[in-house]
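Observations on the model geometry
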Amino acid sequence: MERERKSRVTFYFSLALIMIGFLSGRFMIIKENRIVDGMVVDTLNALGENSFLLALLFLILGVVIIFYTKGVAINPIWITLIGVGLFIALVVFSGVAATYELLDMGSTARASVGLGFWFMIVGVLLLIQQSVKLYATNQERISLLILLSTFFILYWIYRLGWLSSISIVREVSDRWDLFSEAIIQHLQLSIASSLSGLGISIILSYAAYRKQLINRAVSIIANASQVIPTLSLLGLLMIPLGILAQQYPGLKALGISGIGFFPAYLVLTLYTLLPITSNAIAGFRSINQNVIQAAEGMGMSRRQILKHVEGPLAIPAIAVGFRTALIQTVGNGILAGLVGGGGLGTILFLGLAQSAPDLVLASALLVVMVAVLLDILMIGIENSLRKKYRGEFNRDRIKEYS
Amino acid sequence: MIELKNIHKSYGEKKAINGINLTFLEGEICIVLGPSGCGKSTMLKLINRLLVPDQGEISIHGREISSFQIDTLRRSIGYSIQGVGLFPHMTVSENIGIVPTIMKWKKDKIEDRVTELLELVGLTDHYREKYPIHLSGGEAQRVGVARSLAADPEILLMDEPFGALDPINRRRLQQEFLKIQSKLHKTVIFVTHDVGEAVRMADKLVLMKDGQIVDQGSPFSMIDKADQIITTFTGSNYAFELLEKRKISDLIHELMPLKPTTHNIAIHSKEEENQTEQEFSDEMSLKEALVAMIIKGSSELVVNASEGRYLLEFGVLAKAIRRGEYE
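Heads up: these notes are all about the structure in this document. Since we're looking at a predicted model, the values are computed, not measured.

**A look at the overall build of chain A**
Scanning chain A for helices and strands turns up 17 helices and three strands. Judged by the C-alpha coordinates and their principal axes, chain A covers about 80 × 65 × 30 Å. Here chain A holds 402 residues, and 47% of them are scored as buried. For chain A, long-range pairs separated by at least 24 residues make up 76% of all intrachain contacts whose partners lie at least 6 apart in sequence. On chain A, roughly 20200 Å² of surface is accessible, and the fraction owed to carbon and sulfur atoms is 68%.

**Comments concerning the overall build of chain B**
For chain B, the helix and strand inventory stands at 13 helices and 14 strands. Looking at chain B as a whole, 53% of its 327 residues are labelled buried. Taking the contacts inside chain B whose residues are at least 6 apart along the sequence as the reference set, 67% of them involve residues at least 24 apart. When the accessible surface of chain B is split by element, carbon and sulfur atoms take 51% of a total near 14900 Å².

**Focus on the pattern of salt bridges**
A full pass over the atoms with the stated rule returns 19 salt bridges over all chains. The partner of A:Glu171 in a salt bridge is A:Arg175, with the nearest N and O atoms 3.6 Å apart. Taking relative accessible area as the criterion, A:Glu171 reaches 5% and is therefore assigned buried. Measuring nitrogen to oxygen at the nearest pair gives 3.6 Å for the salt bridge that ties B:Lys40 to B:Glu160. With B:Lys40 in helix α1 (residues 40–47) and B:Glu160 in the loop between β7 (155–159) and α7 (167–184), this pair connects stretches of sequence that are 120 residues apart. Of the two residues, B:Lys40 and B:Glu160, neither departs from the other in class, the shared state being buried. Three or more residues joined by partner-sharing salt bridges are found here, namely B:Arg171, B:Arg200, B:Glu244 and B:Lys287.

**Structural notes on the pairing of strand β10 (residues 212–217) of chain B**
Of the pairings in the sheet, the one linking strand β9 (residues 204–209) of chain B to β10(B) comprises five bridges and is antiparallel in character. For B:Lys209, the partnering residue across the bridge sits in β10(B) and is B:Gln212.

**A closer look at the interface of chain B and chain A**
Counting residues at the interface gives 28 residues for chain B and 26 residues for chain A. The junction of chain B with chain A conceals about 2400 Å² of combined surface from both sides, 65% of it contributed by carbon and sulfur atoms. Where chain B meets chain A, there are zero salt bridges. Our count for the contact surface shared by chain B and chain A stands at four residue pairs in polar contact (both at pLDDT 80 or more). When residues of the side of chain B that touches chain A are traced back to their parent elements, those giving at least two are α2 (70–75), β6 (77–81), α4 (98–102) and α6 (137–149) of chain B.

**Quick look at unusual backbone geometry**
Residue and element names in this part refer to chain B. Of note in this structure, Lys-104 is not a glycine but carries a positive phi near 60°. Tracing the backbone through its elements, the reader meets Lys-104 in the loop between α4 and α5 (107–120). With relative accessibility at 72%, the residue Lys-104 sits in the exposed group. For Asp-152, which is not glycine, the phi dihedral falls at a positive 50°. Summarising the element assignment, Asp-152 is placed in the loop between α6 and β7. Residue class for Asp-152 comes out partly exposed when judged on its relative accessible area of 48%.

**Focus: a nonpolar patch on the surface**
All names here are of chain A. The grouping of Leu-147, Leu-148, Phe-151, Phe-152, Tyr-155, Val-368, Met-369, Val-372 and Leu-373 at the surface amounts to a nonpolar patch, some 780 Å² of accessible area in total. When contributions to the nonpolar patch are tallied by element, the ones reaching two or more residues are α6 (139–159) and α16 (357–388). Of the residues forming the nonpolar patch, the biggest block, five residues, is contributed by α6. Examined against the element boundaries, Leu-147 turns out to sit in helix α6.

**Examining the packing of helix α10 (residues 230–247) of chain A against helix α12 (residues 261–285) of chain A**
Residue and element names in this part refer to chain A. α12 packs onto α10 with a crossing angle of 130° between their chain directions and a minimal axis gap of 10 Å. With respect to α12, the axis of α10 lies oblique. Taken as a pair, α10 and α12 cross one another with a handedness that is right-handed. Mapping the contact onto sequence places Thr-230, Leu-233, Leu-234, Leu-237 and Leu-241 in α10 and Phe-262, Pro-263, Ala-264, Leu-266, Val-267, Leu-270 and Tyr-271 in α12. Taken together, the residues of the contact of α10 with α12 sort by class into eleven nonpolar, one polar and no charged.

**Observations concerning the sheet that holds β6(B)**
Working definition: the strands of a sheet are paired by backbone hydrogen bonds and lie parallel or antiparallel to each other. Residues and elements named next belong to chain B. One open sheet holds the six strands; their spatial order is β6-β7-β8-β3-β9-β10, and the pairing between them is mixed. Each edge of the sheet is formed by a strand with only one pairing partner; in this case those strands are β6 and β10. Taking the axes of each pair of neighbouring strands and ignoring which way they run, one obtains an average angle of 15° across the sheet. The sheet contacts of α7 involve β3 (29–33), β7 and β8 (187–192), and relative to β3 the element is tilted by about 140°.

**Thoughts on the packing of α6(A) against α16(A)**
Each pair of packed helices gets described by two things: the angle between the helix axes and the distance between those axes. Residue and element names in this part refer to chain A. Look at α6 against α16: their axes get within 10 Å of each other, and the N-to-C directions meet at 145°. When the axes of α6 and α16 are compared, the crossing they make is left-handed. The segment α6 lies against α16, with Glu-140, Ser-143, Leu-144, Leu-147 and Phe-151 engaging Met-369, Val-372, Leu-373, Ile-376, Ile-379, Gly-380 and Asn-383. Residues of the contact of α6 with α16, tallied by class, amount to eight nonpolar, three polar and one charged.

**Some thoughts on the sheet that holds strand β2 (residues 39–41) of chain A**
Residue and element names in this part refer to chain A. Taken together, three strands build an open sheet; the order of strands is β2-β1-β3 and the sheet is antiparallel. Taken across any chain shown, the strands that pair with only one partner, and hence form the sheet edges, are β2 and β3 (110–113). Direction aside, neighbouring strands of the sheet carry axes that sit 25° apart on average. Pairing analysis gives four bridges linking strand β1 (residues 28–31) to β3, with the strands arranged antiparallel. Within β3, the position partnered with Met-28 by the bridge is Val-113.

Parameters and conventions
- Residues numbered from 1 in each chain as written.
- Chains lettered and ligands numbered in written order.
- Predicted model: local features only at pLDDT ≥ 70, side-chain atom pairs only at ≥ 80, totals over all residues.
- Heavy atoms only, no water.
- Helix = DSSP H or I, 4+ residues; strand = E, 2+ residues; numbered from the N terminus.
- Buried < 20%, exposed > 50% of the residue type's maximum accessible area, 1.4 Å probe, protein only.
- Contact = heavy atoms within 4.5 Å.
- Areas by Shrake-Rupley, 256 points an atom, 1.4 Å probe, with all protein chains shown as cover.
- Salt bridge = Lys/Arg side-chain N within 4 Å of Asp/Glu carboxyl O.
- Pairing = 2+ DSSP bridges.
- Buried area = accessible area lost by both parts, 1.4 Å probe.
- Polar contact = N/O pair within 3.5 Å; in protein donor to acceptor, adjacent residues only side chain to side chain.
- Patch = residues over 30% accessible without salt bridge, like charges linked within 9 Å, V, L, I, M, F, W, Y side chains within 5 Å.
- Axes fitted to C-alpha atoms, helices over the stretch in contact; angles between N-to-C directions.
- Parallel < 35°, antiparallel > 145°, perpendicular 65-115°, else oblique.
- Left-handed = near helix turned anticlockwise from the far one by under 90°.
- Nonpolar A, V, L, I, M, F, W, Y, C, P; charged D, E, K, R; others polar.

Keep in mind these values describe shape, not function.
Here it is as structure tokens:
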């Protein structure tokens, strides 16, 4: 009941967002060049006849949702499908509109999508996500399927050239080499530091779980690393690391320096410690003491207990912590751009410096996409781990008698 | 044979075990009975070295336990605790096979052993691949017992193993355990605070209170001292529970034989004739017989044994426990 009420509220909210977006009159902004103020074009003018098609789709969606929430038996998969259709239509129509608007303008002119467009996009995405929740038992797999298929359809449309007039698309495609390299760097940086954080955290949390004294120290370290703002930590490390690298050429040869990949990697690793250790410690602690005592009593050594009992039982919780850390690192990874650590942050800060909002938006969107994809991937891994170490399902029932 | 000599163990200020001397014989079920906090669980943990005594000596077959390698010692002692402690991430067969696995037995040997043990504790083979959360309390407990027997230990330590079960399941498991024991003849040290359980299962009974042994002996031999002590510290009536250790068939030579026909009015009074409908099996325990008398409101029961029909009188029943004392 509660869930249904929630989804109804979300549906109406997203419908409202789409409507506001449609009527707001800020569908597209046309500029002579990058610097001058733009001209705002509303939905009807920008899309022309297509706006009626869009309105029709929007209407169908509205009717379906109203019927659905009134209890008419409609498979919510239709809501998803119409939502995806609306998403693709929005992107394609804006691409076509941009091409028309720029027809008689110079090559420096650019058309960027406006706030109205973003409202509609957010509304549609919210709708798709909520509708998936209603029928999918394996949400992650369905979401991934929808995401990938939508991506491939859009890519195909892009290859047809329909989107190339939208400034943000043009920005990315013009500098694709730069962007692709940045994405790869970003992934490398995030994954490398999260994995290092995982290794350190597992050792720290096991030690903390075994020894009360270490527990206190670990929680201080992990919390402190989280309290210092990322940016200032980067700044703080720059000087000592720079001095270290200068004093000991050996360290410099290993890649240690005040700027570049290493400080970014170090800081991001530090930031993964809290989410992973706190989850891992909770995972270890939640193991029923009866189970441990039984293991000891039957003659398992400390190492065997860790390998056969404590490890497997804590793994699902550790995986949750790792996912949190990884996603957080993808976001924080933008700051690596400030110290020459590479990644999408480099482009983002470049865009800020050159007052090129499209560059900023493009790199931010790509960061979000990377984070979402990794998140879905990690949830999938988590679920399979949980299935393997089934004990984590329904822990409360286990407690009753074991 | 396990010997405890002058054992002391404290947790900080609190004395959990205060000078215990005790011998457990091979092949015997020794029940240690006492209220919560009397130190009985501590005593078990001292035997498999989960705890170390402050003072005193524990030996198995005359060899001091601290001279064994700790894992070897523990693997030769089955340990079964209240709440089972099954590994929730392992299937039933993995749970049972864990000790053989860490002892590096061959795979097919482990599988055979699991099959054998499942059969022993009365579970069918399709339980193998189940996970603990899919088991009922009784089933989980059986798996727990099977697991403690996996490496065929000589000694079994059982710490209120059936404590979490409902009375019906508990009784069933007690009976099945006795059946298993009659085949395996392990040295069992079984800790409980349930007087009924203690009386039903004990070859030897040890009473503990405040870290000391109050009394020990066969269940019948303890009736005089035990009754006051046990009743005061457990609230259960010892003598009444003892009735369950005897069946009507044990008294068969003291019962009055009846003529085989049920409708012989000449011998029986009119009242008895009305009740001839209800006859009781000689497999009944004396406790059940007493309860039946109370329910019927009669001091006599008609017993149907294989040798014929008998009359059980209350007087015979009342003397039965005292007689058991000298057996």
